[in-house]
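# Architecture at a glance
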Amino acid sequence: MALLSVSNLEKAFGVDVIFSGVSFEIQENDRIGFVGINGSGKTTLFKALTGDQPADNGEIHLSNAAVLGYMEQHVCSDRERSAYSEVLSVFSPLLSMEKEIEELSLRIQAGADGMDALIERQTMLSDRFAMEGGLTCRSRARSALLGLGFSDDQMGLPVGVLSGGQKAKLQLAKLLLSGANLLLLDEPTNHLDIASVEWLEDFLRSYNGAYLVVSHDRYFLDRVTSRTFEMENHHLTVYKGNYSTYLKLKRENEIAVERKYQNTQKEIERLQGIVAQQRQWNREKNIRTAESKLKAIDRLEKALVKPEEQAELLRFEFSVANRGGNDVLDAKDLALSFEDKCLFQHVSIEAKRQERIFIIGPNGCGKTSLLKTILGEYTPDEGEIQFGANIDIGYYDQLQTGLHAGKLVIDEIWDDHPQMTQTQVRNALAIFLFKGEDVFKEISALSGGERARVLLLKLMLSRANFLLLDEPTNHLDIGSCEALEEALRRYEGTLLIVSHDRYLMNKLADRIYYLDSAGAKPYSGNYDAFLEKQKSEQLTVQATAVKEKGGEYKQQKEKQAAIRREKAAVRRLEQEIAETEAEIFTLESSLSAPDIASDYQKITELSEQLQALRQKNDALFTEWSTRTEQLETTHSLGSL
């Protein structure tokens, strides 16, 4: 069943057409990636779907069964509320129901008037509360926050003191828990470290609904999508498959269209030659032949599909002024702390000429601070840093602090390279898509992607032979990410990159360092090789643990015994819950009996018993839930 149908949608701002003729359907459980260059209209289409920015023409039909969820609907408005309470607010109807159930219990205990109606209302609400997930809403809220990288301490912080990235995570958590069965996700991996992105991937793969996700994270798109929408040249094209499949299919389609266009042009030229020849002979038969060929030419020209103009993309290269020595960097036993908080220690990193090295790790582990320590901006508490001969360093700052907000784009470049002519500066800016009046924009007026392009140009003009890059693909659309990837692949210098872009790592990495508070552990190869090595290490740790407990056979027996004990405990609890519920039902029936309804003392006594049984039943159910989770965990451990 289609949750959402869109037909011939159009949107323009003045004379600028954003998109037209957009038609598609989203079925239940569809997993769709949405790609296109910055400014192609992806977010505008999202706003049209949500009604925030209605389309000019076309139809949008949302099924009655569809519950639409969009991240901007979940803005954090109460700055004093804790992060946990903010996420829990998505369950407000359940929390209100829970409060009413508690109030009803107190009124029943107090022997209020209308006892039968109170008990009936309490029973109905209790059943509905359990059925709609009220018993697990708090644990789900906490689990989402943990998965997105919040510690227990951070969950208690007021929203007002959180960073922009943390607030974005709260919005994402609320959206994922909102109960929507059709999610519109606009760059959901922004501000997430790799562990949080992997948690989100697992969530989406098991999500019982459909989603349309805009993202420049190509690895993420490959893992969570099975269809791809592309917005290009003001219209939308639908492809089967994830991002990598889309790239292949798009290229094949472009080649087929180009080949057909060229062959048709050749056939038209051939027919035109025949027409010219027949006209020269100028006999009746020749004239008829010429007319026939002209009709064929007309049919071919009407059916001729000209290949679409390719969107203007970045094309640039990083060159080096000096070759530099083979030994580029030797950092030994570095340690850094701020205000008595240790960021990292025992960090040793070495880099040889033309190596491509990546640094990864959880948010807050000190990756950016490590780069700034290597650059000399921070003084390490311990350790030493040595550079090789003739090493020139270029730095890309993800916070873009190296740009001057009040300067014009052209001056930002020209002031650094006064020896260049204006023509040379403008030609360089044109490579990074700053043309015409764009070069006279103020830096403060640029988007994040535009500022990133200015920084990349400054990096290119530096001609450094050792580049330190801090999240270089942030703010870039997919086309720009691919251009950067190609430029780095062809670069003859050395790279040290902090990044969460797993696709980029798979294409470039010779070695990966995993950074945490204990140090930086090296792994040879790209990101997939890193995952395989980590998996192997985990299996080794598990095998060692099994061996320490008396061998694999004994460990398996212990697990099986634990499973049997948990199953027995669960069955016993289920029996107790059934018996308690039977007692509750009997007491509720007794309370409605005419001879008891008039006996206040008896009603009070039975109500107290009923309350005690309900508390017992809640406790049994809580224990049953805990043991069921333990049983599932034991099963999963037993299957490793």
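A brief look at the structure comes next.

Conventions and cut-offs
Residues numbered from 1 in each chain as written. Predicted model: local features only at pLDDT ≥ 70, side-chain atom pairs only at ≥ 80, totals over all residues. Heavy atoms only, no water. Helix = DSSP H or I, 4+ residues; strand = E, 2+ residues; numbered from the N terminus. Contact = heavy atoms within 4.5 Å. Axes fitted to C-alpha atoms, helices over the stretch in contact; angles between N-to-C directions. Parallel < 35°, antiparallel > 145°, perpendicular 65-115°, else oblique. Left-handed = near helix turned anticlockwise from the far one by under 90°. Nonpolar A, V, L, I, M, F, W, Y, C, P; charged D, E, K, R; others polar. Pairing = 2+ DSSP bridges. Phe/Tyr/Trp six-rings, centres within 6.5 Å; stacked < 30°, edge-to-face > 60°. Buried < 20%, exposed > 50% of the residue type's maximum accessible area, 1.4 Å probe, protein only. Polar contact = N/O pair within 3.5 Å; in protein donor to acceptor, adjacent residues only side chain to side chain. Salt bridge = Lys/Arg side-chain N within 4 Å of Asp/Glu carboxyl O. Core = buried A, V, L, I, M, F, W, Y, C linked by side-chain atoms within 4.5 Å. Domains from an automatic or database assignment. Arc of directions from axis to C-beta.

### A short note on the environment of Ile-413
Take Ile-413: it is sitting in helix α13 (residues 409-414). Among residues more than four places away in sequence, those in contact with Ile-413 are Val-425, Leu-429, Val-454, Leu-457, Lys-458 and Leu-461.

### Re the packing of helix α7 (residues 164-176) against helix α8 (residues 194-205)
Remark: α7 packs on α8, axes separated minimally by 13 Å, with the N-to-C direction vectors making an angle of 15°. By the angle between their axes, α7 is roughly parallel relative to α8. Classified by chirality, the crossing of α8 by α7 is left-handed. Contacts between α7 and α8 involve Lys-169, Leu-172 and Leu-176 from the first element and Ser-196, Trp-199, Leu-200 and Phe-203 from the second. A breakdown of the residues in the contact of α7 with α8 according to their chemical character gives 5 nonpolar, 1 polar and 1 charged.

### Thoughts on the sheet that holds strand β11 (residues 341-352)
Taken together, 3 strands build an open sheet; the order of strands is β11-β10-β13 and the sheet is antiparallel. If you trace the sheet from one side to the other, it starts and ends with β11 and β13 (382-387), each paired once. With direction set aside, neighbouring strand axes in the sheet form an average angle of 15°. By the bridge criterion, 8 bridges tie strand β10 (residues 327-338) to β11 in an arrangement that is antiparallel. In the strand pairing of β11, Ala-331 is matched with Ile-349. Strand contacts of helix α12 (residues 367-375): β10, β11 and β13, with the helix running at about 60° to β11, the strand carrying the most contacts.

### Some details on the packing of aromatic side chains
As enumerated under the stated definition, the model contains 18 aromatic pairs in all. Ring centres of Tyr-243 and Tyr-246 lie 5.6 Å apart, and the angle between their planes is 50°; this geometry places the pair in the tilted category. One end of the pair is Tyr-243 and the other is Tyr-246, both in helix α10 (residues 243-281) and 3 residues apart, which spans about a single turn. On the numbers, 5.3 Å between centres and 80° between planes, the contact of Phe-338 with Tyr-378 is edge-to-face.

### As for the pairing of strand β15 (residues 466-470)
Most of β15 is tucked away, with 5 of its 5 residues classed as buried. Side chains Phe-466, Leu-468 and Asp-470 project from β15 onto one buried face, and the interleaved Leu-467 and Leu-469 project onto a second face that is buried too. Bridging between strand β14 (residues 393-396) and β15 involves 4 bridges; their strand directions are parallel. Looking across to β15, one finds that Gly-394 is bridged to Leu-467. Sheet analysis places β15 next to strand β16 (residues 494-498), joined by 5 bridges and oriented parallel. By the bridge assignment for β16, Leu-468 is matched with Leu-496.

### Examining the environment of Lys-521
Among the secondary structure elements, Lys-521 is positioned in strand β18 (residues 519-524). By relative accessible area, which is 41% here, Lys-521 ends up partly exposed. When the C-alpha atoms of Lys-521 and His-346 are compared, they prove to be 10.0 Å apart, with 175 residues separating the residues in sequence. Setting aside chain neighbours within four positions, we find Lys-521 in contact with Ile-512, Tyr-513, Tyr-514 and Glu-537. Within the structure, Lys-521 has its side chain in polar contact with the side chain of Glu-537 (distance 2.9 Å).

### Observations concerning the packing of α10 against helix α11 (residues 284-303)
As a packed pair, α10 and α11 sit with axes 9 Å apart at the nearest point and diverge in direction by 160°. The pairing of α10 with α11 is recorded here as roughly antiparallel in orientation. Crossing handedness for the pair α10 and α11: left-handed. Contacts between α10 and α11 involve Thr-264, Glu-267, Ile-268, Leu-271, Gln-272, Ile-274, Val-275, Gln-278, Arg-279 and Trp-281 from the former and Asn-286, Thr-289, Ala-290, Lys-293, Leu-294, Ala-296, Ile-297, Leu-300 and Glu-301 from the latter. Partitioning the contact of α10 with α11 into residue classes produces 10 nonpolar, 5 polar and 4 charged.

### Structural notes on the sheet that holds strand β2 (residues 16-27)
Here 3 strands make up an open sheet; going across it, the order is β2-β1-β4 and the pairing antiparallel. If you trace the sheet from one side to the other, it starts and ends with β2 and β4 (57-62), each paired once. Averaged over all neighbouring strand pairs, the angle between strand axes comes to 15°, with direction disregarded.

### Digging into the pattern of salt bridges
Side chains carrying opposite charge are able to pair once their charged atoms draw close together. Taken as a whole, this structure holds 31 salt bridges when the rule is applied. In this structure, Lys-250 engages Glu-254 in a salt bridge whose closest nitrogen and oxygen atoms are separated by 4.0 Å. One end of the pair, Lys-250, and the other, Glu-254, are both in helix α10, 4 residues apart, so they sit about a helical turn from each other. Classification of Glu-254 by relative accessible area gives partly exposed; the value is 22%. Residues participating in the shared-partner salt-bridge network are Glu-230, Glu-232, Lys-250, Arg-251 and Glu-254.

### Quick word on the side chain of Arg-511
Along the chain, Arg-511 falls in strand β17 (residues 511-516). By relative accessible area, which is 13% here, Arg-511 ends up buried. Here Glu-350 takes part through its backbone oxygen, which lies 2.5 Å from a polar atom of the side chain of Arg-511.

### Things to note about the nonpolar core
Ranked by internal contacts, the top residues of the largest apolar core, which has 102 residues, are Phe-316, Phe-318 and Leu-429. Here this core takes 8 residues from helix α15 (residues 448-462), the largest share from any one element. For this core, the two domains that each supply at least three residues are domain 1 (1-239) and domain 3 (325-525). Here Leu-429 is in contact with Val-409, Ile-410, Ile-413, Phe-434, Val-439 and Leu-457, once residues within four sequence places are set aside. Among the nonpolar cores identified, the runner-up in size contains 25 residues, and Val-22, Leu-45, Ala-48 and Leu-49 belong to it.

### Looking at the environment of Leu-457
Structurally, Leu-457 is set in helix α15. Once the C-alpha coordinates of Leu-457 and Phe-432 are considered, the two residues, 25 residues apart in sequence, prove to be 6.9 Å apart. Setting aside residues no more than four positions away along its own chain, Leu-457 makes contact with Ile-413, Ala-428, Leu-429 and Phe-432.

### Things to note about helix α5 (residues 137-147)
The periodicity of an α-helix, 3.6 residues per turn, causes residues three or four places apart in sequence to face the same way. Every buried residue belonging to α5 is among Cys-137, Ala-141, Ala-144, Leu-145 and Gly-147, and all of these are buried. For α5, the arc enclosing every buried residue in end-on projection is 165°, short of the 170-degree limit, so these residues lie on one face. Turning to α5, the residues buried within the fold contact α2 (83-88), α3 (92-109), α6 (152-155), α7 and α8. With its phi angle positive at about 95°, Gly-149 sits one or two positions after the end of α5.

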